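So the chains spell out like this:
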Amino acid sequence: MYKIAVIPGDGTGQEVVHEGLKVLEAVASKLDIKHELVFYDLGGERYKKTGELLPDSVVEELKRFDAIYLGAIGHPDVKPGILEKGILLKMRFMLDQYINLRPVKLFAGVETPLKDKGPEDIDFVVVRENTEGLYTGSGGFLKYGTADEIAIQESINTRKGVERCVRYAFDYCSQRRERKNLTFCGKTNVLTYAHDLWQRTFDEIAKEYPEVTTDYANVDAICMWMVKNPEWFDVIVTDNMFGDIITDLAAMIQGGVGVAAGGNINPEGVSMFEPMGGSAPKYTGQNIINPIASVAALQMMLAVLGEEEAAGLVEAAIKKVISQDMQSMAAGKMGHSTSEVGDLLADFIATS
Ligand code: IPM
Ligand code: MN
């Protein structure tokens, strides 16, 4: 019996989670996967009403679930940074979700802005460190607001934190497919301390995985090659900040935020799965947002829970509906409403 916490969150998060759960019910009844859902109303609306972000008591409750399924957090009337830091980052840190896993796969029938590239070229995974680097909040102001102001924002890289991330990436890579190549994405020519630690750790762990070939690329070069030669990549491991940036670039080449999903993973604890799209206030309530990314997040959740058959069925449904039913991945241009896309996915699963 899986216990799943559901955080629909703000804006279109509610709509896409609704479709994701429709798909979950379809696959769960087909394969007899017993589960229980508990809903949490975290997000911008709750914050505006009560001033609460992510109470510690809720964090303690979340620790007792098998997984967390999230829609989106973000509110046009809340100052940038408050919800991000107070809910999303707090959850990552308190639940020690030290991996941000971002599969980058172009499905047949999805348009990519890359000329002459197709599904056979765009199929890689980014493993982003998710609890350290520039995200820890280490630093501060001196002489705030004066002409002599100093702002310091430190990148924290611990041997343990780097090692567990790199090890996860090697493990993941060695199980992913025939050709196994892990690229370390860094900036060793400038970040001569932080990424020296990364490089040494990477080289050391590599010895334990003789079946995995390795290489190195500077983050700026990765940005060029992801556009020019995405087929070069299999698995990329990188730090928190660089991972944040290159995964948005990657989302665009796989067809945009309508299809891109991610997992905030604690391999020894509870993980959270989410679509990359955000709360999209301008599309909220119109039943036109693309729910595919949210369903892809559900697929990841099932895979991480060990429900491989269910994950495979959800992926088959996504592939079928994208290639045969949907006209576009863009909101309002799908040729179907949000709920119709959910129905098509669920029907495919029920009848396959
Ligand atoms: C992401 C997001 C977050 C990040 C924001 C919302 C804090 O951009 O999940 O990539 O920077 O990690
Ligand atoms: Mn980001």
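Residues numbered from 1 in each chain as written. Chains lettered and ligands numbered in written order. Predicted model: local features only at pLDDT ≥ 70, side-chain atom pairs only at ≥ 80, totals over all residues. Heavy atoms only, no water.

## Here we look at the overall build of the protein
Counting its secondary structure elements, the protein contains 11 helices and 12 strands. If you line up the protein on its principal axes, its C-alpha atoms span 60 × 50 × 40 Å. Looking at the protein as a whole, 53% of its 352 residues qualify as buried. In the protein, the proportion of contacts linking residues at least 24 apart, taken out of those at least 6 apart, comes to 75%. Of the accessible surface of the protein, which amounts to about 15700 Å², a share of 53% is contributed by carbon and sulfur atoms. Charge-centre separation for the protein: the mean point of 35 positive side chains lies 2 Å from the mean point of 51 negative side chains. (Helix = DSSP H or I, 4+ residues; strand = E, 2+ residues; numbered from the N terminus. Buried < 20%, exposed > 50% of the residue type's maximum accessible area, 1.4 Å probe, protein only. Contact = heavy atoms within 4.5 Å. Areas by Shrake-Rupley, 256 points an atom, 1.4 Å probe, with all protein chains shown as cover. Lys, Arg positive; Asp, Glu negative; His and termini not counted. Charge placed at Lys NZ, Arg CZ, Asp CG, Glu CD.)

## Observations regarding empty space enclosed by the protein
Here the structure, examined in full by the defined rule, presents 1 cavity of 30 Å³ or more. Quantified by volume, the largest cavity comes out at close to 30 Å³. In terms of residue class, the lining of the largest cavity is made up of 6 nonpolar, 1 polar and no charged. (1 Å grid on protein atoms, 1.4 Å probe; cavity = no way out; pocket = protein on both sides within 12 Å on 5 of 7 lines; lining within 4 Å. Points joined across faces, edges and corners; volume = space filled by probe spheres on them. Nonpolar A, V, L, I, M, F, W, Y, C, P; charged D, E, K, R; others polar.)

## Examining the domain arrangement of the protein
Entries for the protein in the domain assignment read domain 1 (1–97 + 106–111 + 255–352) and domain 2 (119–251). Of note, the centres of domain 1 and domain 2, computed from C-alpha atoms alone, are 25 Å apart. In this complex, domain 1 contributes 14 residues to the contact, which on the side of domain 2 involves 10 residues. At the boundary of domain 1 with domain 2, total buried surface from both sides reaches about 1100 Å², with 56% on carbon and sulfur atoms. Ranking the residues of domain 1 by area buried against domain 2 places Arg92, Phe93 and Leu106 at the top, with a combined share of 46%. Inspection of the region where domain 1 meets domain 2 yields 1 salt bridge. A salt bridge links Arg164 to Asp96; the nearest nitrogen and oxygen atoms lie 2.9 Å apart. In this structure, the connection of domain 1 to domain 2 is made through 6 residue pairs in polar contact (both at pLDDT 80 or more). Put simply, the parts of the chain that give the side of domain 1 that touches domain 2 at least two residues each are α4 (82–94) and β11 (261–265). Sorting elements by how many residues they give to the side of domain 1 that touches domain 2 places α4 first, with 3 residues. Taken together, the residues of the side of domain 1 that touches domain 2 sort by class into 8 nonpolar, 4 polar and 2 charged. (Domains from an automatic or database assignment. Buried area = accessible area lost by both parts, 1.4 Å probe. Salt bridge = Lys/Arg side-chain N within 4 Å of Asp/Glu carboxyl O. Polar contact = N/O pair within 3.5 Å; in protein donor to acceptor, adjacent residues only side chain to side chain.)

## Here's the deal with helix α6 (residues 194–206)
For an α-helix the count is 3.6 residues per turn, leaving residues at separations of three or four pointing the same way. For α6, with 13 residues, the first-to-last C-alpha span of 18 Å sits near the 18 Å given by 1.5 Å per residue. Among all positions of α6, only Ala194, His195, Leu197, Trp198, Gln199, Thr201, Phe202, Ile205 and Ala206 are buried. (Expected span 1.5 Å × (residues − 1).)

## Focus: the layout of surface pockets
To find leftover empty space, a probe the size of one water molecule is rolled over the atoms. In this structure, the largest pocket occupies an estimated 910 Å³ of space. When residues in the lining of the largest pocket are grouped by element, the largest group, 7 residues, is from helix α5 (residues 159–176). Within the lining of the largest pocket, the residues separate by chemical class into 18 nonpolar, 4 polar and 10 charged. Split by domain, the lining of the largest pocket shows at least three residues from each of two domains, domain 1 (1–97 + 106–111 + 255–352) and domain 2 (119–251).

## Overview of the site of ligand 1
Around ligand 1, the neighbouring residues are Glu84, Leu88, Arg92, Arg128, Tyr135 and Asp244. A distance of 2.8 Å separates an oxygen atom of ligand 1 from a polar atom in the side chain of Arg128. Surface burial for ligand 1 is 75%, taken as the share of its 320 Å² of free accessible area covered by protein chains. The dominant element in the shell around ligand 1, judged by the number of residues it contributes, is α4, at 3 residues. Counted by class, the shell around ligand 1 contains 2 nonpolar, no polar and 4 charged residues. Lining the shell around ligand 1 are residues from two domains, each supplying at least three of them: domain 1 (1–97 + 106–111 + 255–352) and domain 2 (119–251). (Near = heavy atom within 4 Å.)

## Observations concerning the pairing of strand β8 (residues 181–186)
Of all 6 residues in β8, 6 are buried; the element is thus mostly enclosed. Neither face of β8 is exposed, since Asn181, Thr183 and Cys185 on one face and Leu182, Phe184 and Gly186 on the opposite face are all buried. For β8 and strand β9 (residues 213–218), the ladder comprises 6 bridges, and the chain directions are parallel. Paired with Gly186 across the strands is Asn218, a residue of β9. As a crossover connection, the stretch from β8 through α6 into β9 is right-handed. Here β8 runs beside strand β10 (residues 235–238); their pairing, made up of 4 bridges, is parallel. (Pairing = 2+ DSSP bridges. Right-handed = clockwise from strand over helix to strand, strands pointing away.)

## As for a nonpolar patch on the surface
On the surface, Leu142, Ile150 and Ile152 cluster together to form a nonpolar patch covering roughly 250 Å² of accessible area. Along the chain, Ile152 turns up in strand β7 (residues 150–153). Its relative accessible area of 41% is what places Ile152 among the partly exposed residues. (Patch = residues over 30% accessible without salt bridge, like charges linked within 9 Å, V, L, I, M, F, W, Y side chains within 5 Å.)

## What to know about the pairing of β11
Burial within β11 is extensive, with 5 of its 5 residues counted as buried. Residue alternation in β11 divides its side chains into two sets, Ala261, Gly263 and Ile265 and Gly262 and Asn264, and both sets are buried. Where strand β4 (residues 99–105) and β11 come together, 3 bridges link them in antiparallel fashion. Its bridge partner being in β11, Leu101 is matched across the sheet by Gly263. As paired strands, β11 and strand β12 (residues 271–275) are joined by 4 bridges and run antiparallel to one another. If you follow Gly262 over to β12, its bridge partner there is Glu274. Two successive antiparallel strands, β11 and β12, enclose a turn made up of 5 residues.

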